[in-house]
Amino acid sequence: MTRLPPDAKTRGIHELYAEDPEAADRKLWDREVDPVSRRGFLKRSSLLAMAAAVGGSIPFADHMPGGLIPAALAQSDEPFTLEGKEGLTVLNDRPINAETPAHLLDDDITPAKHMFVRNNGIPPEVESIDADTWELEIAGESCENPQTFTIADLKEKFEHHTLQLQVECGGNGRSEYVPSASGNQWTTGAVACPTFTGVRLRDVLEACGIKDDAFYIGYYGADRHASGDPNKEAISRGVPMEKALEDESLIAWAMNDEDIPYLNGYPLRVVCGGWPGSVSGKWLKRIVIRNEKHDGAKMGAPSYSVPKHPVAPGSNVPNEDFETIESMPVKSLVTFPKSGIDHALGEAMEVRGHAWAGDLAVKEVHVSIDFGATWQKAELKAPPNRLAWQRWTTSVEFPEPGYYEVWAKATDEEGRAQPMVVPGWNPKGYLNNACHRIAVQVA
Ligand SMILES: Nc1nc2c(c(=O)[nH]1)N[C@H]1C(S)=C(S)[C@@H](COP(=O)(O)O)O[C@H]1N2
Ligand SMILES: [Mo]
């Protein structure tokens, strides 16, 4: 592994890219970042982020002193928030990455303001996006009749579908790995389950002709590589044909019956629920049908890949020993009450949350108040459609005053349950589906 040049932190990223692109990539993507305070954010923020922060463009931005805290935001020391988002914890501002505290994921259908943001590069400028002229190109060596569609074409030519789909970043839970894995230090909040409206990916691909040798699809978005280099993609991932052709794989223009939020991919995105969020391309411009595994940015190991066989924590794993993550593992969240709550002795406490299991359904959820010694079964609802999370609820009673933790453990339809400790360490810190726990003080 190449190491960062010792002065990398103080040098321009363009300079570094010219010299050592790999180190520059790591500098941009793999740094560990603590939750960013609003002040810290603004000190280092780009003009675009600054405009988003004040809620409009800044005509005299040229004259703004670097590091100035806009008066619009300077009055308080509240943590910084992103426009259109509420209560999210910003983990990184360049690119923007923000997660949702568990208690803000309590809604059955995640509201737009509470959907996490995971950006790999620089999103297209808001002003440059025109949904009326936005075009999606379908091409690739295994496409018979490459075609271009406007969003109006998609709406007119294909059947519309609305589905509730869970999107979870492959790195959700990364912060718990020891030794720590580089990358955004997600705790539990890189997951959401809003509804998406659009057309089936399958219908669009079939209209363009899928050759017999088709093997994989790949997406391209309008965002740019974090370095600003126009010849590099921020991310260009995809899924095998079988996943692409599933009923639930969508090209979506709406989320919760409104435009998709800018940071979540406006005006068009792919959604393939149940797989790492990275396969659900935002600001969608192009889909290629490939006769081999797609080889776009972040398709190759170690990105979104785990060792084929378990490895000891801290091991060095050669790229050829990785495999690409497909369906995500079974997982659950306690979304009510909020961790840290005070509860009165003698009163039953309602506990609830969601559970999901990648391509599978969740069979059972159990809850423990004694650190996993005993478990009680929660009530579990069927998902509104395949690949949506499932609501679970139960009520617990505490025997005496003191400190308790409520743990939740989901089991998928094939009998695999969430582990109570952090599962298999892997170099990039993916797939942590350990039981979620909340703290309760009973008095
Ligand atoms: N074009 C584009 N699509 C993208 C990304 C990106 O950076 N650019 N990030 C991916 C990753 S890693 C995840 S987890 C999901 C996150 O979706 P969200 O930001 O809408 O929550 O988008 C995916 N699609
Ligand atoms: Mo992700």
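Residues numbered from 1 in each chain as written. Chains lettered and ligands numbered in written order. Predicted model: local features only at pLDDT ≥ 70, side-chain atom pairs only at ≥ 80, totals over all residues. Heavy atoms only, no water.

Let us now look at the overall build of the protein. Along its length, the protein carries 8 helices and 25 strands. Counted over contacts in the protein with a minimum sequence separation of 6, partners at least 24 positions apart contribute 71%. (Helix = DSSP H or I, 4+ residues; strand = E, 2+ residues; numbered from the N terminus. Contact = heavy atoms within 4.5 Å.)

Turning our eyes to something else, we now look at the pattern of salt bridges. The tally for this structure, following the rule as stated, stands at 19 salt bridges. Here Asp108 makes a salt bridge to Arg391, at a shortest N to O gap of 3.0 Å. Of this pair, Asp108 sits in the loop between β2 (96-99) and β3 (117-118) while Arg391 sits in strand β23 (residues 390-396), and the two are 283 residues apart along the sequence. For Arg391, a relative accessible area of 13% puts it in the buried group. For Glu414, the salt bridge goes to Arg416, with nearest N and O atoms at 2.5 Å. (Salt bridge = Lys/Arg side-chain N within 4 Å of Asp/Glu carboxyl O. Buried < 20%, exposed > 50% of the residue type's maximum accessible area, 1.4 Å probe, protein only.)

Next up on the list: the confidence of the model for the protein. Here the protein shows a mean pLDDT of 89. Residues at 70 or above account for 82%. Overall, residues 28-44 carries pLDDT values under 50, and its contacts beyond four positions in sequence, including any with other chains, amount to 63 contacts. (pLDDT = per-residue confidence, 0-100.)

On to the nonpolar core. By size, the foremost hydrophobic cluster in this structure holds 38 residues, and its most contacted members are Ile138, Leu154, Leu205, Ile251, Leu268 and Ile287. For this core, the elements supplying multiple residues, two or more each, are β4 (135-139), α6 (151-157), α7 (201-207), β10 (216-221), α8 (241-244), β11 (250-255) and β14 (284-290). If sequence neighbours within four positions are ignored, Ile287 has contacts with Leu136, Glu137, Ile138, Ala139, Leu201, Leu205, Ile217, Gly218, Tyr219, Ile251 and Val270. In this structure, Val334, Val362, Val367 and Trp392 belong to the second largest nonpolar core, which totals 21 residues. (Core = buried A, V, L, I, M, F, W, Y, C linked by side-chain atoms within 4.5 Å.)

Tracing the backbone shows Met299 in the loop between β14 and β15 (305-307). For the pair formed by Met299 and Gly238, sequence separation is 61 residues and the distance between their alpha carbons is 7.8 Å. Contacts of Met299, omitting those with residues within four sequence positions, involve Tyr216, Ser236, Arg237, Gly238, Lys293, His294 and Thr324.

Next up on the list: the pairing of β14. Of all 7 residues in β14, 5 are buried, a share of seventy percent or more. Across 3 bridges, β4 lies against β14 in parallel orientation. The residue bridging Glu137 from the neighbouring strand is Arg286, located in β14. In this sheet, β14 lies alongside β10 in antiparallel orientation, the contact comprising 6 bridges. The partner of Ile217 across the bridge, within β14, is Ile289. (Pairing = 2+ DSSP bridges.)

A separate point is the sheet that holds strand β17 (residues 331-336). With antiparallel pairing, 4 strands are arranged side by side in an open sheet as β17-β19-β23-β22. Each edge of the sheet is formed by a strand with only one pairing partner; in this case those strands are β17 and β22 (379-380). The pairing of β22 with β23 spans 2 bridges and is classified as antiparallel. Looking across to β23, one finds that Leu380 is bridged to Trp392.

In this structure, Ala207 sits in helix α7. Among the residues examined, Ala207 registers a relative accessible area of 37% and is labelled partly exposed. C-alpha of Ala207 to C-alpha of Cys143: the two residues are 64 residues apart in sequence and 9.8 Å apart in space.

Contacts to ligand 1 come from 19 residues, most closely from Phe116, Asn120, Asp223, Arg269 and Lys282. One of the backbone nitrogen or oxygen atoms of Phe116 is found 2.7 Å away from an oxygen atom of ligand 1. Contacts to ligand 1 include Arg118, whose backbone N or O atom sits 2.9 Å from an oxygen atom. When isolated, ligand 1 has an accessible area of 530 Å², and the protein chains bury 100% of it. Its residues assigned to classes, the shell around ligand 1 comprises 8 nonpolar, 7 polar and 4 charged. (Near = heavy atom within 4 Å. Polar contact = N/O pair within 3.5 Å; in protein donor to acceptor, adjacent residues only side chain to side chain. Areas by Shrake-Rupley, 256 points an atom, 1.4 Å probe, with all protein chains shown as cover. Nonpolar A, V, L, I, M, F, W, Y, C, P; charged D, E, K, R; others polar.)

Before going further, it helps to examine the sheet that holds strand β5 (residues 147-150). Strand order in the open sheet formed by 4 strands is β5-β4-β14-β10, with mixed pairing between adjacent strands. Looking along the sheet, the strands with just one partner apiece sit at the ends: β5 and β10. Averaged over neighbouring strand pairs, the angle between their axes works out to 15 degrees when direction is ignored. (Axes fitted to C-alpha atoms, helices over the stretch in contact; angles between N-to-C directions.)

On to unusual backbone geometry. Across the junction of Arg94 and Pro95, the peptide omega takes the value -5 degrees, indicating a cis bond. For Pro95, the position within the fold is in the loop between β1 (89-93) and β2. Cis geometry is found at the peptide bond from Ala301 to Pro302, where omega equals 5 degrees. In this structure, Leu387 is a non-glycine residue whose phi angle is positive, near 75 degrees. Summarising the element assignment, Leu387 is placed in the loop between β22 and β23. Overall, Leu387 belongs to the buried group, its relative accessible area being 5%.

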